[in-house]
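Residue-level structural notes
The residues making up each chain are set out below.
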Amino acid sequence: MAKVLLSGLWEGALLFAIAWLIARLIPRSHAATRYALWFATLLALAIVPVLTSIWHVGTLLAALVPSHSAGAAAVRITLIPAASFVSRADAALAGIVPIIFGLWCAAAAIALTRLVVSFVRVHRIRQVARPLADRVPGVFTCDGLAVPIVAGIVAPAIVIPSAIAASLTPADLRRIVAHERAHIRRHDPLGNLLARTIEALLILNPWVYFTGRNLCLEREAACDDWVVESAGSAREYAACLASLAQSACSRSAPLLTPPAFHSRRTLIERIERLGSSEPRRLTINAFIIGGTIMLFLIATIALQA
């Protein structure tokens, strides 16, 4: 297990670099595809180090490569030049690996505990939430929130802070609700649960942190595109987000909920993105995601070899 976790640090750098280069080629207006890219990267960060430790396809393929031919000198092929460096690093770090592994387990335990606490908090919020009368059916309000959230995994419900629900105009309230409903249609609560679990287990892997941040940003952007598609005015929706920027605070939302406002910085990035005139695409480009998965598979085989 320690080998898998530590290998994920340098293997994750390669996976993140691949995803970053591909993301540079995808327009910012294609948020759904960019979200799928980062979600696939997060899964790869968790799966590839395990495969390189227990899967031996790459080693077998490397053994099939002929090392010499008739009349020619033997040729030694090294697919990964860093392999010898990694071997030396393994020997040098052998004494401190148990300490690192212990710290990693402790940090992961704390992170998983926070997820459990978040689950309890979401459950309590759902219990005390009140229906929003007849203004918007299927929406609830709660006094103990600062930002709108989708509460629940199996049967998610939209919960909006009472103060925000009372201060918004009917049009802006419909836009906020449309954003949260987009999370439900996209199954973001379940995806967020999986992402948070991976982030908790791999809490000391910096590439997981960077991937998770991009994942959250693109998830909110994808839901913004749903709102613009249904409401038809990106400028008015951007003004709605700007009016709520002062109350946006990522710490006020439980970990297990995909909140409408992840942080003030990402909120500003979302407002700037809404000002773009590029056509928005709500569907995922299967060719890009399929190609990314193939590159991750090739990288896995190469790392094994």
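For the structure, check the block above.
Residues numbered from 1 in each chain as written. Predicted model: local features only at pLDDT ≥ 70, side-chain atom pairs only at ≥ 80, totals over all residues. Heavy atoms only, no water.

**As for the overall build of the chain**
Going by this rule: Secondary structure elements follow DSSP: runs of H or I no shorter than four residues count as helices, runs of E no shorter than two count as strands, and numbering proceeds from the N terminus. The classification of residues rests on relative accessible area computed with a 1.4 Å probe and restricted to protein chains. Under 20% of the type maximum is buried, over 50% is exposed, and intermediate values are partly exposed. Accessible surface is estimated by sampling points in the Shrake-Rupley manner with a 1.4 Å probe; for residues, cover comes only from the protein chains shown.
Looking only at helices and strands, the chain has twelve helices and four strands in total. Within the span of the chain, comprising 305 residues, buried residues form 45% of the whole. When the accessible surface of the chain is summed, it comes to about 16000 Å², and 67% of that surface belongs to carbon and sulfur atoms.

**Here's the deal with the nonpolar core**
Operational definition: Here the nonpolar core consists of buried residues drawn from Ala, Val, Leu, Ile, Met, Phe, Trp, Tyr and Cys, with membership extended through side-chain atoms lying within 4.5 Å. By the convention used here, residues are in contact when the closest approach between their heavy atoms is within 4.5 Å.
Membership of the largest hydrophobic core comes to 27 residues, with the highest contact counts inside it found for Leu15, Leu37, Trp38, Leu42, Leu202, Leu215 and Phe296. Where this core is concerned, the elements lending two or more residues are helix H1 (2-25), helix H2 (31-54), helix H8 (188-201), helix H9 (206-231) and helix H12 (286-304). Discounting residues that sit within four places of it in the chain, Leu202 has contacts with Leu5, Leu45, Ala46, Trp104 and Val208. Ile164, Leu168, Leu173 and Ile176 belong to the second-largest nonpolar core, a separate cluster that totals twelve residues.

**Details of the side chain of Arg273**
Selection criterion: Whenever two N or O atoms come within 3.5 Å, that pair is a polar contact, provided that in protein one can donate a hydrogen and the other can accept it, and provided that, for residues adjacent in sequence, both atoms are side-chain atoms.
Relative to the elements of secondary structure, Arg273 occurs in helix H11 (residues 264-274). For Arg273, a relative accessible area of 8% puts it in the buried group. A polar side-chain atom of Arg273 sits 3.0 Å from the main-chain carbonyl oxygen of Arg28. Ignoring any residue separated from it by four or fewer positions in sequence, one finds Arg273 in contact with Arg28, Ser29, Ala31, Ala221, Asp225 and Arg280.

**So, the packing of helix H7 (residues 170-185) against helix H10 (residues 234-243)**
Stated precisely, the cut-off is as follows: In this analysis an axis means a line fitted to C-alpha atoms, helices contributing only their contacting stretch, and an angle means the value between N-to-C directions, from 0 to 180 degrees. Oblique is the label for every angle not falling under 35 degrees (roughly parallel), over 145 degrees (roughly antiparallel), or within 65 to 115 degrees (roughly perpendicular). Each residue receives one of three labels: charged for Asp, Glu, Lys and Arg, nonpolar for Ala, Val, Leu, Ile, Met, Phe, Trp, Tyr, Cys and Pro, and polar for the others, Gly being one of them.
Axis separation between H7 and H10 bottoms out at 10 Å; the angle between their running directions is 90°. Here H7 lies roughly perpendicular to H10, going by the angle between them. Between H7, through Asp172, Arg175, Ile176 and His179, and H10, the contact on the second element is made entirely by Glu236, Tyr237 and Cys240. Split into classes, the residues belonging to the contact of H7 with H10 amount to three nonpolar, one polar and three charged.

**A look at the pattern of salt bridges**
Keep this limit in mind: One side-chain nitrogen of Lys or Arg within 4 Å of one carboxyl oxygen of Asp or Glu is enough to make a salt bridge.
By the definition in use, this model includes nine salt bridges. With a closest N to O distance of 3.0 Å, Glu218 and Arg34 form a salt bridge. Of the two residues, Glu218 is situated in helix H9 and Arg34 in helix H2; the sequence distance between them amounts to 184 residues. Look at Glu218 and you get buried, because its relative accessible area is 7%. Put simply, Glu220 and Arg219 hold a salt bridge, and the shortest N to O gap is 3.5 Å. Judged by its relative accessible area of 2%, Glu220 falls in the buried class. Connected via shared salt-bridge partners are Asp172, Arg175 and Glu236.

**Some details on the pairing of strand E2 (residues 139-142)**
Threshold: Note: two strands are recorded as paired if DSSP finds a minimum of 2 bridges between them.
Here E2 shows no split at all, with Val139 and Thr141 on one side and Phe140 and Cys142 on the other all buried. Direction of pairing for strand E1 (residues 130-131) relative to E2: antiparallel, over a ladder of two bridges. Of the residues in E2, the one forming a bridge with Arg130 is Thr141.

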